[in-house]
Amino acid sequence: MRTANIIKTILLTGLAIIITSGQVFAETSADSTEPLALRKIMQDLGKNMQSITDGISREDWQLVEKIAPLVADHPQPPFFEKVRILSFVGTNVSRFKEYDGKTHDAASVLAEVAAEKDGYGVILAFSELQKTCLACHESFRKSFQQHFYGDSE
Ligand code: HEC
């Protein structure tokens, strides 16, 4: 009788563990949203911007000239993600693309000014470039995060 109870307890505990772990699994798989490739692209943009400030501090205009085009011509998300993004952005597509175009243009100007080794010009062009990042973030970052990742971030 006692052994039967012990076995019953073990079985029930096992069952409980299976059920709860199943729930945990179901929850994480429902909540887990793969980060967008866009996020990695943005992180690389951030890193390149850091390299540029480092170049400015060292007056290494060649470095700035080399990195700025990586910002101007940053990679694009894969086709399927682009479709997801553009369908979410919807009627704001042209505004979204315009922001990206402004970043491209400002980074191209930065590369040109760096080629002239004009330190103050580089700093000015860099701050113009930063403004283009901020403009898009202010308009789109929050809604992207809500849409693609839920409210958790
Ligand atoms: C056309 C719009 C747009 C432009 C222009 C833009 N970004 Fe972003 N950026 C976004 C969006 C949308 C997110 C949020 C993406 C996400 O959370 O997955 C983001 C997020 C980021 C992040 C945070 C990534 C993370 O790990 O959460 C960094 C860093 C970043 N951007 C850097 C930059 C820099 C630097 C520039 C300018 C050189 C720039 N971005 C220009 C739209 C833009």
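Notes on the structure follow. (Residues numbered from 1 in each chain as written. Predicted model: local features only at pLDDT ≥ 70, side-chain atom pairs only at ≥ 80, totals over all residues. Heavy atoms only, no water.)

This brings us to the coordination of the iron atom of the ligand. Donor atoms from the polypeptide that bind the iron atom of the ligand are Met42 (SD) and His137 (NE2), placed at 2.0 to 2.2 Å. Between the six donor atoms coordinating the iron atom of the ligand, the angles at the centre fall across 86 to 179°, so the site counts as octahedral. Residue methionine 42 is found in helix α2 (residues 37-57), and its partner histidine 137 is found in helix α6 (residues 119-149); the two are separated by 95 residues along the sequence. Histidine 137 gets classed as partly exposed once you look at its relative accessible area, which sits at 28%. (Donors = N, O, S within 2.8 Å, 3.2 Å for Na, K, Ca; no water. Tetrahedral: all angles 85-135°; square planar, octahedral: opposite > 155°, others 65-115°. Helix = DSSP H or I, 4+ residues; strand = E, 2+ residues; numbered from the N terminus. Buried < 20%, exposed > 50% of the residue type's maximum accessible area, 1.4 Å probe, protein only.)

The next thing to look at is the packing of helix α5 (residues 93-115) against α6. In the contact formed by α5 and α6, the axes pass within 9 Å of each other and the chain directions differ by 165°. Between α5 and α6, the crossing angle belongs to the class labelled roughly antiparallel. Judged by the twist between their axes, the crossing of α5 over α6 is left-handed. Looking at side-chain class alone, the contact of α5 with α6 contains 17 nonpolar, four polar and three charged residues. (Axes fitted to C-alpha atoms, helices over the stretch in contact; angles between N-to-C directions. Parallel < 35°, antiparallel > 145°, perpendicular 65-115°, else oblique. Left-handed = near helix turned anticlockwise from the far one by under 90°. Nonpolar A, V, L, I, M, F, W, Y, C, P; charged D, E, K, R; others polar.)

Before going further, it helps to examine α5. Compared with the 33 Å implied by 1.5 Å per residue over 23 residues, the 33 Å span of α5 between its first and last C-alpha is a close match. Among all positions in α5, only Phe96, Tyr99, Thr103, Ala106, Ala107, Leu110, Ala111, Val113 and Ala114 are buried. Against the buried residues of α5 lie α2, α3 (61-72), α4 (79-89) and α6. Positive phi appears at lysine 117, one or two residues downstream of α5, with a value of about 55°. (Expected span 1.5 Å × (residues − 1). Contact = heavy atoms within 4.5 Å.)

Moving on: the pattern of salt bridges. The full count for this structure, using the stated rule, is five salt bridges. Here aspartate 44 ties to lysine 40 by a salt bridge, and the two come within 2.9 Å at their closest N and O atoms. Here lysine 40 and aspartate 44 lie together in helix α2, a separation of four residues that amounts to about one turn. Classification of aspartate 44 by relative accessible area gives partly exposed; the value is 28%. A relative accessible area of 47% places lysine 40 in the partly exposed class. A salt bridge links lysine 47 to aspartate 44; the nearest nitrogen and oxygen atoms lie 3.8 Å apart. Note that lysine 47 and aspartate 44 are positioned in helix α2 at a spacing of three residues, about one turn of the helix. The network of salt bridges with common partners includes Lys40, Asp44 and Lys47. (Salt bridge = Lys/Arg side-chain N within 4 Å of Asp/Glu carboxyl O.)

Attention now moves to the site of the ligand. Near the ligand there are 19 residues, and of these Met42, Cys133, Cys136, His137 and Tyr149 occur at the shortest range. Interatomic distance of 2.8 Å between a side-chain N/O atom of histidine 137 and a nitrogen atom of the ligand. Elements represented by at least two residues in the shell around the ligand include exactly α2, α5 and α6. (Near = heavy atom within 4 Å. Polar contact = N/O pair within 3.5 Å; in protein donor to acceptor, adjacent residues only side chain to side chain.)

Packed helix pairs are characterised by how far apart their axes lie and by the angle those axes make with each other. Packing of α4 against α5 brings their axes to within 8 Å, and their N-to-C directions diverge by 120°. When the axis of α4 is compared with that of α5, the two are oblique. Residues Ile85, Leu86 and Val89 of α4 touch α5, and the partners they reach there are Val93, Phe96 and Lys97. Residues of the contact of α4 with α5, tallied by class, amount to five nonpolar, no polar and one charged.

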